[in-house]
Amino acid sequence: MSGTLSPIDKAKFVAAKRAVDYVEDGMKVGLGTGSTAAWMVKCLGERIRDDGLRITGVATSTRTAELAQKVGVPVVSLDEAKWLDLTIDGADEYDHNLNLIKGGGGALLMEKIVATASDELIVIADLSKQVEALGAFPLPVEVIPFGWQTTKALVEETLVNLDVLGRTSALRMNGATPYVTDEGNFILDLHLKRIGNPRQLALVMNQIPGVVENGLFIDICDVVVIGHGDGSVEVRDINNGAVEHEKIDVPETDNLFVDIAD
Ligand SMILES: O=C(CO)[C@H](O)[C@H](O)COP(=O)(O)O
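Heads up: these notes are all about the structure in this document. (Residues numbered from 1 in each chain as written. Predicted model: local features only at pLDDT ≥ 70, side-chain atom pairs only at ≥ 80, totals over all residues.)

**Observations concerning the overall build of the protein**
Phase 1: Regarding its fold elements, the protein presents 7 helices and 16 strands.
Phase 2: Taken over C-alpha atoms, the radius of gyration comes to 18 Å for the protein, in line with the 18 Å a tight globule of 262 residues would show.
Phase 3: On the principal axes, the C-alpha backbone points of the protein span a range of 55 × 35 × 35 Å.
Phase 4: Here the protein, with 262 residues, has 47% of them falling under the buried criterion.
Phase 5: Sequence separation of 24 or more characterises 74% of the internal contacts of the protein that already satisfy a separation of 6 or more. (Helix = DSSP H or I, 4+ residues; strand = E, 2+ residues; numbered from the N terminus. Rg over C-alpha atoms; globule rule 2.2 N^0.38 Å. Buried ≥ 20, exposed ≤ 12 C-beta atoms within 10 Å, placed from the backbone. Contact = placed C-beta atoms within 7 Å.)

Structure below.
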């Protein structure tokens, strides 16, 4: 593929490119999933190819593992890596505390395990992911297939007990059949509108038998790199409150990755 990057792709690209600056030689790096994370994997591949950067990656999905292999980013399992220096991943929503909703791409379970096994989680996003309160994006909840309808009923009952707005849930589909995660599970998408107490909801959801994990990432994200369509980025660090603005060099075309396009 060759052409000019669209504003949204430019925003994702500059966020990814800036985030990759955090990666140093010898690091073990968690590789997120999604369209923004795919730019990051390609940027890492470029640094490995052009600068001789040596890193070990841990992928959060088979999709990402395949892309990493294609662009020359070495990947090992999390059990081989054991602990990671940092993870770079996208998000479906982030709030001002850098709490997140993730899992729109269906990889929330591996993403949460990998992010939690990292010293730092850097989220890369465009401004459309920023919200006052989490919940406009449907909250993904991964459930085991056995008895999923019972689990769904329990989830909905719990939402009523917690007085959460919305309260409907839908089994994620892939055409005519349920969407199946890399770990062989199903996903319920909870349509909640606004989550008043995300911390409480995250804890309570995971107490329901059949629920494997939910897409609320609370107190896990350290830094968000927000890309804009004009090629600028904003970096917000929750640990020291720092906010930086920078302009990133964007190629006139996307030829940069023509040989490693996904
Ligand atoms: O959580 C995720 C996958 O499970 C993604 O990071 C999230 O859906 C954002 O994806 P994109 O960068 O394509 O908007």
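**As for the packing of helix H1 (residues 7-20) against helix H2 (residues 35-51)**
Phase 1: The contact between H1 and H2 brings their axes to 8 Å, and the two run at 50 degrees. Judged on the interaxial angle alone, H2 and H1 are oblique. The crossing of H1 and H2 is right-handed. Contacts between H1 and H2 pair Lys12, Phe13, Ala15, Ala16, Lys17, Ala19 and Val20 from the former with Ser35, Thr36, Trp39, Met40, Cys43, Leu44 and Arg47 from the latter. (Axes fitted to C-alpha atoms, helices over the stretch in contact; angles between N-to-C directions. Parallel < 35°, antiparallel > 145°, perpendicular 65-115°, else oblique. Left-handed = near helix turned anticlockwise from the far one by under 90°.)

**Let's talk about the sheet that holds strand E11 (residues 186-191)**
Phase 1: Read from one edge to the other, the open sheet built from 4 strands follows the order E8-E11-E7-E12, with strand pairing classed as antiparallel. In this open sheet, the two strands that pair with only one neighbour each are strand E8 (168-171) and strand E12 (211-214). Shown here is a sheet whose adjacent strand axes are inclined to one another by a mean of 30 degrees, direction ignored.
Phase 2: Across 3 bridges, the pairing between strand E7 (residues 139-143) and E12 is antiparallel. When the sheet's bridge partners are listed, Val143 is paired in E12 with Val211. (Pairing = 2+ DSSP bridges.)

**Let's talk about the site of the ligand**
Phase 1: For the ligand, the set of nearby residues contains 18 residues, the closest of which are Gly34, Thr36, Gly90, Gly104 and Gly105.
Phase 2: Contributions of two or more residues to the shell around the ligand are made by H2 and helix H5 (108-116).
Phase 3: Sort the elements by how many residues they give to the shell around the ligand and H2 lands first, with 3 residues. (Near = placed C-beta within 6 Å.)

**Quick look at the packing of H2 against helix H3 (residues 62-71)**
Phase 1: Axis separation between H2 and H3 bottoms out at 9 Å; the angle between their running directions is 25 degrees. As the angle between them shows, H2 and H3 are arranged roughly parallel. Of the two elements, H2 crosses H3, and the hand of that crossing is right-handed. In this structure, H2 contributes Ala37, Ala38, Val41, Lys42 and Gly45 to the contact, and H3 contributes Thr64, Leu67, Ala68 and Val71.

**Some thoughts on the environment of Ile48**
Phase 1: When you line up the elements, Ile48 lands in helix H2.
Phase 2: Assessed through the 18 C-beta atoms surrounding it within 10 Å, Ile48 is described here as partly exposed.
Phase 3: Separated by 44 residues in sequence, Ile48 and Asp92 place their C-alpha atoms 28 Å apart.
Phase 4: Each residue touching Ile48, except ones within four places of it in the same chain, is listed here: Leu53, Gly72 and Val73.

**Structural notes on helix H6 (residues 148-161)**
Phase 1: In this model, H6 (14 residues) spans 20 Å end to end at C-alpha, consistent with the 20 Å of a helix rising 1.5 Å per residue.
Phase 2: Inspection of H6 places Thr151, Lys152, Val155 and Leu159 among the buried residues, and these make up the whole buried set. Buried residues of H6, seen end-on, are gathered within an arc of 105 degrees and therefore sit on one face of the element. Exposed side chains of H6 directed beyond 90 degrees from the buried face belong to Gln149, Ala153, Glu157, Val160 and Asn161.
Phase 3: Buried residues along H6 sit in contact with E7, E8, E11 and E12. (Expected span 1.5 Å × (residues − 1). Arc of directions from axis to C-beta.)

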